[in-house]
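# Notes for the structure review
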Amino acid sequence: MNPWWQVTLEKTLYVESVEITNNIDCCLRVIGMINVTVSTSPLGLDPTCTESMEYSDKTEDYKFLCSPPARGSYVTVTLIGDNVTLVLCQVVVKTIGELYVAAS
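Bear in mind the structure is a predicted one, so any value in this text is a computation, not a measurement. Sequence positions are assigned chain by chain, starting from 1 and proceeding in written order. Only residues with pLDDT of 70 or above have their local features reported here, since the model is predicted, and side-chain atom pairs are shown and tallied only from 80 upward, although totals for entire chains, interfaces and linings are computed over all residues. Excluded from the side-chain calculations are hydrogens and water; all other atoms, namely the structure's heavy atoms, are used.

### Let's talk about unusual backbone geometry
With an omega of 0°, the peptide bond between S67 and P68 qualifies as cis. Of note, P68 is situated in strand β4 (residues 61-80). Every helix listed is a DSSP run of H or I at least four residues long, and every strand listed is a run of E at least two residues long, numbered separately from the N terminus.

### Here we look at the environment of S41
Mapped onto the elements of the fold, S41 is located in the loop between β2 (32-39) and β3 (47-55). Under the scheme applied here, a residue whose accessible area is under 20% of the maximum for its type counts as buried, over 50% as exposed, and between as partly exposed, the area being computed with a 1.4 Å probe on protein chains only. Owing to a relative accessible area of 15%, S41 belongs among the buried residues under this scheme. Along the chain, S41 and G72 lie 31 residues apart, while their C-alpha atoms are 7.9 Å from each other. Residues in contact with S41, not counting those within four places in the same chain, are D46 and Y74. Here a residue-residue contact requires only that any non-hydrogen atoms of the pair lie within 4.5 Å.

This is the structure in structure tokens:
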């Protein structure tokens, strides 16, 4: 099973972007993929936006865009790879009309 972390929004909104700040000072990391999914289901069975990008121990900030904005109330961050680690400093979910800082 891949490691994951989920933000539950207070209500269903249109998500424009998800910004992740990674702590690069704490530990050695294996290169892997970060997958961000916006959905109306806590299990992510009906994704309205799915974006992925490679990460490593050198990159601190990642920005995932949903174009057009994706309707959902759950934002799930999943790591893909063997022995992958991501230390989340902050996750910001930008929605139309509202901003959620989910971790800091």
